[in-house]
Amino acid sequence: MLTNITPSITIFIIFLGLFRFDSFPVLEAATGTLASVPGVYVLGDSLVDAGNNNYLAISISKANYPHNGVDFPGSIPTGRFCNGKNAADAIAEKFGLPLPPPYLSLKDTFKIKERKAAALTGVNFASGGAGIFNGSDQQLVLLT
């Protein structure tokens, strides 16, 4: 019975460790310094979406409303499905990395420098409404 819960508990403990400790003592003991994390690449749904849906031509699952950015620096809506930073942002900040930008925001040809930098420090591929099952999007389909 405990085997069904074990992966969830492991993930929770790792996630809690990222917020509780400023460093990883085991890594520091082995290397003398905190091992560097090159980048954060985010895959997921609305829990970690940084605004990819705002760049889709047809999407009814957007989070670009004023209340969605009230606690974000600058108090601007960014497309995150929360009122500030999400878990992926917190993890990136914990490792001293910039917030991973939405992948679709980098498709502009004028942002070549940003695109190259994001490839090294991380990109957010998450999209609100995403799912692993074929019927995940059935609630978002427009009936015409």
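Located above this text is the structure these notes cover.
Keep in mind the model is a prediction, meaning the values are calculated, not measured. Numbers given for residues are sequential positions, taken from 1 along each chain in its written order. For a predicted model such as this one, the threshold for reporting local features is a pLDDT of at least 70, and the threshold for listing and counting side-chain atom pairs is 80 or more; totals across whole chains, interfaces and linings nevertheless cover every residue. Where side-chain values are given, they derive from all heavy atoms of the structure, hydrogens and water being excluded.

Colleague: Looking at this structure, how should I read the overall build of the protein?
Modeller: A run of H or I in DSSP counts as a helix once it spans at least four residues, and a run of E counts as a strand once it spans at least two, with each numbered from the N terminus. Along the protein, the regular secondary structure elements total 4 helices and 0 strands. Written out in order from the N terminus, the α and β elements of the protein read α-α-α-α. The long-range share in the protein, meaning contacts at least 24 apart out of those at least 6 apart in sequence, stands at 57%. Accessible surface area values rest on a Shrake-Rupley calculation with a 1.4 Å probe, where residue burial reflects the displayed protein chains alone. Accessible surface, the protein as shown: approximately 10000 Å² in total, 66% of it carbon and sulfur. Throughout, a residue-residue contact means that at least one pair of heavy atoms, one from each residue, lies within 4.5 Å.

Colleague: It is not clear to me how the nonpolar core should be interpreted in this structure. Could you clarify?
Modeller: General note: in soluble globular proteins, nonpolar side chains tend to be found buried as a group. For our purposes a nonpolar core is just a set of buried Ala, Val, Leu, Ile, Met, Phe, Trp, Tyr and Cys residues, chained together by side-chain atoms within 4.5 Å. Here the term buried applies to any residue with accessible area under 20% of the maximum for its type, exposed to any over 50%, and partly exposed to those in between, with areas from a 1.4 Å probe on protein chains only. Val40, Val42, Val48, Ala88, Ala92, Leu97 and Ala126 form the largest nonpolar core, which has 7 residues in total. Each residue touching Val42, except ones within four places of it in the same chain, is listed here: Val48, Ala88, Pro100, Val123, Asn124, Phe125 and Ala126.

Colleague: Sorry, what's going on with the pattern of salt bridges here?
Modeller: Oppositely charged side chains can pair when the atoms bearing their charge come close. We count a salt bridge whenever a side-chain nitrogen from Lys or Arg sits within 4 Å of a carboxyl oxygen from Asp or Glu. Per the counting criterion, the structure on display carries 2 salt bridges. In this structure, Arg80 engages Asp89 in a salt bridge whose closest nitrogen and oxygen atoms are separated by 2.6 Å. By the burial criterion, Arg80 is buried, and Asp89 matches it. Among the salt bridges present, the one from Glu93 reaches Lys85, with a minimum N-O distance of 2.3 Å. Under the relative-accessibility criterion, Lys85 is labelled partly exposed at 36%.

Colleague: Honestly, helix H3 (residues 87-94) in this entry has me stumped. Any pointers?
Modeller: Spacing of three or four residues puts side chains on the same side of an α-helix, whose turn is 3.6 residues. For H3, every residue scored as buried is listed here: Ala88, Asp89, Ile91 and Ala92. The arc that holds every buried residue of H3, seen down its axis, measures 165°, which confines them to one face. In protein, a polar contact means a hydrogen-donor-capable atom and an acceptor-capable atom, both N or O and within 3.5 Å, with residues adjacent in sequence counting only if both atoms are side-chain atoms; elsewhere, any N or O pair within 3.5 Å suffices. The N-capping residue of H3, defined by a side-chain oxygen 3.2 Å from the backbone nitrogen of Ala88, is Asn86. At the exit of H3 stands Gly96, carrying a positive phi of roughly 75°. The arc in question is formed by the directions pointing from the helix axis toward the C-beta atoms.

Colleague: Mind showing me how you'd approach the environment of Ser75 here?
Modeller: Tracing the backbone through its elements, the reader meets Ser75 in the loop between helix H2 (25-31) and H3. Judged by its relative accessible area of 47%, Ser75 is partly exposed. Of the polar contacts made by the side chain of Ser75, one reaches the backbone oxygen of Val70; its length is 3.3 Å.

Colleague: When you look at a nonpolar patch on the surface in this model, what are you seeing that I'm missing?
Modeller: Patch definition: residues with relative accessible area over 30% and no salt bridge; like charges joined within 9 Å; nonpolar side chains (Val, Leu, Ile, Met, Phe, Trp, Tyr) joined within 5 Å. Taken together, Tyr41, Leu43, Tyr103 and Phe125 make up a surface patch of nonpolar side chains, about 470 Å² in accessible area. Structurally, Tyr103 can be placed in the loop between H3 and helix H4 (112-121).

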